[in-house]
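Notes for the structure review
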2 protein chains.
Amino acid sequence: MPEDFVVTPWEVKGQIDYDRLVTQFGTERVNPELLERIRRIAGELHPMLRRGIFYSHRDLDQILDEHEKGNGFALYTGRGPSSGIHIGHMLPWFFTKWLQDRFGATLYFQITDDEKFLFKDFDDLDQATKVGYDNILDIIAMGFDAKRTRILIDTEYIHHLYPIAIEAAKRITFSTTQAVFGFTNSNNIGEVFYTSVQAAPAFLPSVLAKKPVRVLIPCGIDQDPHFRIARDVAPKLGFPKPALIHNKLLPSLQGPTGKMSASIPESSIFTKDSLKAAKRKIMDAFTGGRATVEEQRRLGANPYICSIFAFYNYVFEPYDGHLSEVERTCKSGERLCGDCKLELWGKVEAFLKKHHEAREKAKDRIEDFLLRD
Amino acid sequence: MPEDFVVTPWEVKGQIDYDRLVTQFGTERVNPELLERIRRIAGELHPMLRRGIFYSHRDLDQILDEHEKGNGFALYTGRGPSSGIHIGHMLPWFFTKWLQDRFGATLYFQITDDEKFLFKDFDDLDQATKVGYDNILDIIAMGFDAKRTRILIDTEYIHHLYPIAIEAAKRITFSTTQAVFGFTNSNNIGEVFYTSVQAAPAFLPSVLAKKPVRVLIPCGIDQDPHFRIARDVAPKLGFPKPALIHNKLLPSLQGPTGKMSASIPESSIFTKDSLKAAKRKIMDAFTGGRATVEEQRRLGANPYICSIFAFYNYVFEPYDGHLSEVERTCKSGERLCGDCKLELWGKVEAFLKKHHEAREKAKDRIEDFLLRD
C-alpha cells in the first residue's frame, strides 16, 4: 500500500486513488459495455452505476450470465455493528436494494458482532451484539423485501457459519493473512481467524440449497481483501467464486481527507441524528467554496473537493440533469454554498424523516428478517 | 523441547522424560502430602494416583479447598474423534469416572471434531463429526453418570462455545501460539484459532451457572500447552483458572518408543477389537523378556521396559499386592512372558466383553448425555 493512502477492511486513511486500487487489488473496472449490459437486463442503471460510484468488480459478467440463464444468484453484504450508522455505511445498502428489486435475488446480510469485538471496537461482546440489533433497524428501514432478505448475526448464527468457516480456514495460512491484511505476530488469533467467518456467507446459499449458487457481494472497495481470500479458497471447497461489485467510499462532511467515523459525529449524517443536528452538520460542512461571496461569484467554486456535492452525487440527487446543473452553477459561481447546502438539506431532511419513521416501524419486524435455525 | 523426545498436543515421539516435562511445562508434582489429602477426602486413592500415573498437576490443591468448602467443582476432559479408541485414550476416562463418583462433580466432555478436521486427521468435517458420535459410545460405555455428564460436540455446540472462544481469542496473540505450540506462518488460521475453542469448556460451567465455577481437567500431559494458555487468559475474562491433573501416556504394545496410533492397530488394544484380534496383540506384544526361557529363568526379565507390565500397571491390575507380585516374579525369572501375557489377556478379555456390551447399549442413550441448546 503506498504511503499516501491506506485502504484495508479496518483502516481507511488519506486521499484514496481509486484507479490505483483497481490495479493493486487486481479487480476489473465496470466498463461501458458492462454498464450497457446491466441496463439492458435491469431496464435501467442505478445512479451509483451511472456515476462510477460502483466502479470496480470481480466476475460481475458471470453473475449476469447466470441470471440470463435463469439460474438466479444470491446477494450478500454485511455490516459490523456501529454505534451510529451513517450515510457512508449505507451506500451498498441503497445499491443492494436496487439489485434485489431488479433481479429478484435473495439477500444474505451478515452482522459481524464477533469482528467488531475482536478488532476492539467493543470491549464487550454482548454490547456488540446489542448494537448489531439496533443497526438491523436501519437495514429493515431501507425497505428490503422481507421474503427475500435473511439477516444473520454472527454469534447467533455461528452454528451454521462455523462448519463453513473452518472449511475455509483449513485452506488459509497465517502467511496469507500477513500478505493480504498486513497482520503481524501480535494480532490476536480471533482476528487471524475472522476472515473465514466473513467468507462463510459467500458459500452459505450453496450449502442451504445443496447445489452451487452464485453470489454477488456489493461492498466498499475496502472489504475486497476478505473476498480475494474467499475467492481463492472457493474452488477448493467446491463452491463458485463469489463475484463482487465495489463502491468508492463517501467522503466525510469535513472534507476529502477527513475520516468518517461513528466517533466523529460531524463527519457524516447518521440515521439517528435529530433533524436539528443533521441540518447543523450540513450547514457546517466542508465545501469547495471561496473565501468570500464576491470571490465565489467571480471565480466559481470547486465541486470536486466539496463534501456537499459528494452527498448530492453519491446519494441525494437521483436526476443526472439536475446534478449537472448543480455542478455547472457551482463552477460558474451562480450557486453559493449556503443556498446549495439548504437545497441538499431539503433532500436529507426528507430522507431522514422517512427513515426515522421506517426505523420505528422496523422494531416489530426484526424476526421477519432474522435467519435463525 | 529436547531433541530426544517431543510432546505437543499433536505429536508425541521418542522416550518421554516425565520429570523433565514437569520442569519444562512448569507444573507441580502430585506429592505425598497431596495424595494423603485426596485419600482423606475421597476415602481411597485411585490406582493411577498411587502409582504415579496421574503424576503432575496445576492448582489441584485449590480444587480440594473448593470441595471442602462445599462449593463443588466441575470436571472437563475431551477427545478428538479417532477412528479407533484405544486404552491409551481412555486413561483419563477411567480416572475421570472415579473423580465423578467420588466427588459428585458434573463432567463436561468435549468432542473436538473441528480440531481433527483442521489438523488434517480427516479430509471431511462430516466424517470427523460422525466418528465423534461413534467415540461417544465408548465414553458412555465407561459408565459415567448420565445425570452429571454433558458431552458436547464442537461443531454442534459451537453456538455456546464460540462467544467464549472469541473472548479468549482476543487475549491470545499469534506469537503466543508460536511460543507454546511451535506454530509457524504456514499453519492454517483454523489451527491458529483452535486453542480458544479448546479453552471454552474450561469456562463454560461458569457461564452456564452465571457465577465462578472451578474446573478440574484430567488429561494427558501432552494437552497441557492448551490449558497453560487458557489459564493465562482466565483472569482477564473474570473466570477462575482451570486446574489440571496430568497423566503419563500409556506405552505402545510395540515397546517404549513405539507410537500408539489408530493407524497402527498392533500398537494398542482398541475398544472395537475382536477378542481374537486383541488376544493376538497381547500375545505378540513387546516385553522385557530374555531371548530364551533358560536365560530368563536364570537372569530374570525387565518389567520396566515391558509393555505387558505397563498394561497391568496403568489399567488392568487394580491390586497393588498382585502388581508387586507380578513385578517380583518377572524380575526373579519365576514368571515367563507367555504365562504373564495369558494372565493379562484374561483381564483384558473381561474388560473388552463388558465394554462391547456396554457400547452396544450406549447406542440408545446418546441423547441422555449430549449437551444441546
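Residue positions are given per chain, counting from 1 as you read along its sequence in written order. Chains and ligands are labelled sequentially in the order written, the chains with letters from A and the ligands with numbers from 1. Only residues with pLDDT of at least 70 get local features here, since the model is predicted, and only at 80 or more are side-chain atom pairs given and counted; chain-wide, interface and lining totals rely on the full set of residues. Each side-chain value is derived from all of the structure's non-hydrogen atoms; neither hydrogens nor water enter the calculation.

**Observations concerning the overall build of chain A**
Test applied: Helix numbers and strand numbers start at the N terminus; a helix is a DSSP run of H or I with at least 4 residues, a strand a run of E with at least 2. The globule rule used for comparison is 2.2 Å times the number of residues to the exponent 0.38, while the radius of gyration itself is calculated over C-alpha atoms. Only protein chains enter the accessibility calculation, which uses a 1.4 Å probe; a residue is then buried when its area is under 20% of its type maximum, exposed when over 50%, and partly exposed in between. Contacts: residue pairs with any heavy atoms within 4.5 Å of one another.
In terms of regular secondary structure, chain A is built from 17 helices and nine strands. For 373 residues, the compact-globule estimate of 2.2 N^0.38 gives 21 Å, and the C-alpha radius of gyration of chain A, at 21 Å, lies within 12% of that figure. Its C-alpha atoms give chain A principal-axis dimensions of roughly 65 × 45 × 45 Å. Within chain A, buried positions represent 57% of all 373 residues. Taking contacts inside chain A between residues at least 6 apart in sequence as the whole, the part at least 24 apart equals 76%.

**A word on the packing of helix H5 (residues 87–103) of chain A against helix H14 (residues 307–316) of chain A**
Residues and elements named next belong to chain A. Keep this limit in mind: Lines fitted to the C-alpha atoms define the axes, with helices restricted to the stretch that makes contact. Angles between their N-to-C directions range from 0 to 180 degrees. Small angles under 35 degrees read as roughly parallel and large ones over 145 as roughly antiparallel, with 65 to 115 read as roughly perpendicular and the rest as oblique. Under the scheme applied here, ten amino acids are nonpolar (Ala, Val, Leu, Ile, Met, Phe, Trp, Tyr, Cys and Pro), four are charged (Asp, Glu, Lys and Arg), and all others, including Gly, are polar.
In the contact formed by H5 and H14, the axes pass within 11 Å of each other and the chain directions differ by 30°. Between H5 and H14, the angle falls in the class roughly parallel. Side by side, H5 and H14 meet where Ile-87, Leu-91 and Phe-94 of the first sit next to Phe-311, Tyr-314, Val-315 and Phe-316 of the second. Counted by class, the contact of H5 with H14 contains seven nonpolar, no polar and no charged residues.

**Brief notes about the pairing of strand S5 (residues 74–79) of chain B**
Residues and elements named next belong to chain B. Rule in force here: Paired strands, in this sense, are two strands between which DSSP finds at least two bridges.
Across the six residues that make up S5, a large majority, five, are buried. Inspection of the sheet shows S5 paired to strand S6 (residues 106–111) by six bridges, in the parallel sense. Among the inter-strand pairings, Thr-77 is bridged to a residue of S6, identified as Phe-109. Both S5 and strand S8 (residues 215–220) contribute to a ladder of two bridges, which runs parallel. By the bridge assignment, Leu-75 is partnered in S8 with Leu-216.

**Things to note about the sheet that holds S8(B)**
All names here are of chain B. Read across the open sheet, the seven strands follow the order S3-S4-S9-S8-S5-S6-S7; overall the sheet is mixed. Only two strands of the sheet have a single neighbouring strand rather than two, namely strand S3 (28–29) and strand S7 (149–153). In this sheet, strand S9 (residues 243–247) lies alongside strand S4 (residues 54–58) in antiparallel orientation, the contact comprising four bridges. Bridge pairing in S9 links Phe-54 to Asn-247. Strands in contact with helix H1 (residues 18–25) are S3 and S4; relative to S4, the strand with the most contacts, it is inclined by about 5°. Each of S5, S6 and S7 is contacted by helix H7 (residues 125–141), which is oriented at about 165° to S7, the strand it contacts most.

**Considering the confidence of the model for chain A**
The predicted structure's coordinates, where accompanied by low pLDDT, should not be read in detail. Threshold: What pLDDT expresses is the predictor's confidence in each residue, scored from 0 to 100.
Of the residues in chain A, 99% have a pLDDT of 70 or more, and the chain-wide mean is 96. Interface confidence for the predicted complex, expressed as ipTM, amounts to 0.94; the pTM equals 0.95.

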